[in-house]
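Structural overview for review
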Amino acid sequence: MAKTQDFTAMMKDFMGAFPVDTKAMEDAFKNTAALNEKLSAVALDAAGKSAEISSKWTKETIAKLSDVSKVKAEPADYAKAATDFASASAEVAAENMAAFAEVAKKVQMDTVELLMAAGKDATEEATAAVKKATEEVTSAAKKASAAAK
């Protein structure tokens with residue numbers, strides 16, 4: 001009667017022949033976590049600055065609206081107050097939009113800088129990993145050819 005092969009033992013032997021570097025996986029995870037932390041810091045900083053700009057803009061608008069809502073002596077004064085409010089609002093809007101643009105520009109520059117640094121690090125790590133794997137495969141091949149002789 002034919003004996004069934006033990007595939008568990010065969011797979012164990014097969015997988016044991018291919019060394020797995022768990023340290024490389026740990027390092028990759030740590031590097032990814034560090035990059036995510038830095039990117040989160042950039043995003044949170046931008047969100048904080050944007051909130052400050054929005055808050056300041058809202059306070060300035062409310063202050064200007066209080067002038068518009070006051071009782072005027074002449075009907076023409078209401079039109080003047082509305083015109084002054086519209087003019088001041090347009091000016092403040094331009095200033096605040098420029099401030100938002102600066103925040104966005106800084107986020108873009110910081111993100112590109114972080115990604116460039118991460119890409120450089122990843123390239124260096126990949127080169128080192130490939131070199132190490134090549135050395136291990138060469139060593140294993142030499143051992144296998146020596147054992148076959």
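Above this note sits the structure.
Here the structure is a predicted model, which means the values were calculated and not measured.

**Digging into the overall build of the protein chain**
For the protein chain, the helix and strand inventory stands at 3 helices and 0 strands. Written out in order from the N terminus, the α and β elements of the protein chain read α-α-α. A globule of 149 residues ought to have a C-alpha radius of gyration of about 15 Å, yet the protein chain, at 33 Å, is considerably larger. The dimensions of the protein chain, computed from C-alpha atoms along their principal axes, are 110 × 40 × 15 Å. Considering only contacts within the protein chain whose residues lie at least 6 apart along the sequence, 81% involve residues at least 24 apart. In the form shown here, the protein chain has an accessible surface area of approximately 11,800 Å², with 66% of it arising from carbon and sulfur atoms. The positive charge centre, built from 20 side chains, and the negative charge centre, built from 23, are 7 Å apart in the protein chain.

**A closer look at the packing of aromatic side chains**
For the structure on display, the rule yields 1 aromatic pair. Look at tryptophan 57 and phenylalanine 100: their rings are 6.4 Å apart centre to centre, the planes differ by 45°, and that puts the pair in the tilted class. Taken together, the residues tryptophan 57 in helix H2 (residues 22-68) and phenylalanine 100 in helix H3 (residues 75-148) connect sequence positions 43 residues apart. The exposure class assigned to tryptophan 57 is partly exposed, which follows from its relative accessible area of 23%.

**So, a nonpolar patch on the surface**
Taken together, Met11, Phe14, Met15 and Phe18 make up a surface patch of nonpolar side chains, about 430 Å² in accessible area. Looking at the element boundaries, phenylalanine 14 is found in helix H1 (residues 7-16).

**Quick word on the pattern of salt bridges**
Enumeration according to the criterion identifies 5 salt bridges in this entry. The partner of lysine 80 in a salt bridge is aspartate 84, with the nearest N and O atoms 2.9 Å apart. Residue lysine 80 and its partner aspartate 84 are located together in helix H3, separated by 4 residues, close to a single helical turn. Across the salt bridge formed by lysine 106 and aspartate 110, the nearest N and O atoms sit 2.8 Å from each other. Residue lysine 106 and its partner aspartate 110 are both found in helix H3; the two are separated by 4 residues, about one turn of the helix. A relative accessible area of 36% places lysine 106 in the partly exposed class. Since its relative accessible area comes to 22%, aspartate 110 is described here as partly exposed.

**What about the layout of surface pockets?**
Here the second largest pocket defines a volume of roughly 250 Å³. In terms of lining residues, the second largest pocket is bounded by Ala28, Asn31, Thr32, Ala34, Leu35, Lys38, Leu114, Ala117, Ala118, Asp121, Ala122 and Glu125. Sorting the residues of the lining of the second largest pocket by element identifies H2 and H3 as the ones contributing at least two each. Among the residues making up the lining of the second largest pocket, the classes are represented as 7 nonpolar, 2 polar and 3 charged.

**A word on the environment of threonine 61**
Secondary-structure assignment places threonine 61 in helix H2. In sequence terms threonine 61 and lysine 106 are 45 residues apart; their C-alpha atoms lie 26 Å from each other.

**A word on H2**
Taking 1.5 Å per residue as the helical rise, H2 with its 47 residues ought to reach 69 Å, and the 68 Å between its terminal C-alpha atoms agrees with that figure. Among the residues of H2, Val42, Ala46 and Ile53 are the ones counted as buried.

Rules used in this analysis
- Residues numbered from 1 in each chain as written.
- Predicted model: local features only at pLDDT ≥ 70, side-chain atom pairs only at ≥ 80, totals over all residues.
- Heavy atoms only, no water.
- Helix = DSSP H or I, 4+ residues; strand = E, 2+ residues; numbered from the N terminus.
- Rg over C-alpha atoms; globule rule 2.2 N^0.38 Å.
- Contact = heavy atoms within 4.5 Å.
- Areas by Shrake-Rupley, 256 points an atom, 1.4 Å probe, with all protein chains shown as cover.
- Lys, Arg positive; Asp, Glu negative; His and termini not counted.
- Charge placed at Lys NZ, Arg CZ, Asp CG, Glu CD.
- Phe/Tyr/Trp six-rings, centres within 6.5 Å; stacked < 30°, edge-to-face > 60°.
- Buried < 20%, exposed > 50% of the residue type's maximum accessible area, 1.4 Å probe, protein only.
- Patch = residues over 30% accessible without salt bridge, like charges linked within 9 Å, V, L, I, M, F, W, Y side chains within 5 Å.
- Salt bridge = Lys/Arg side-chain N within 4 Å of Asp/Glu carboxyl O.
- 1 Å grid on protein atoms, 1.4 Å probe; cavity = no way out; pocket = protein on both sides within 12 Å on 5 of 7 lines; lining within 4 Å.
- Points joined across faces, edges and corners; volume = space filled by probe spheres on them.
- Nonpolar A, V, L, I, M, F, W, Y, C, P; charged D, E, K, R; others polar.
- Expected span 1.5 Å × (residues − 1).

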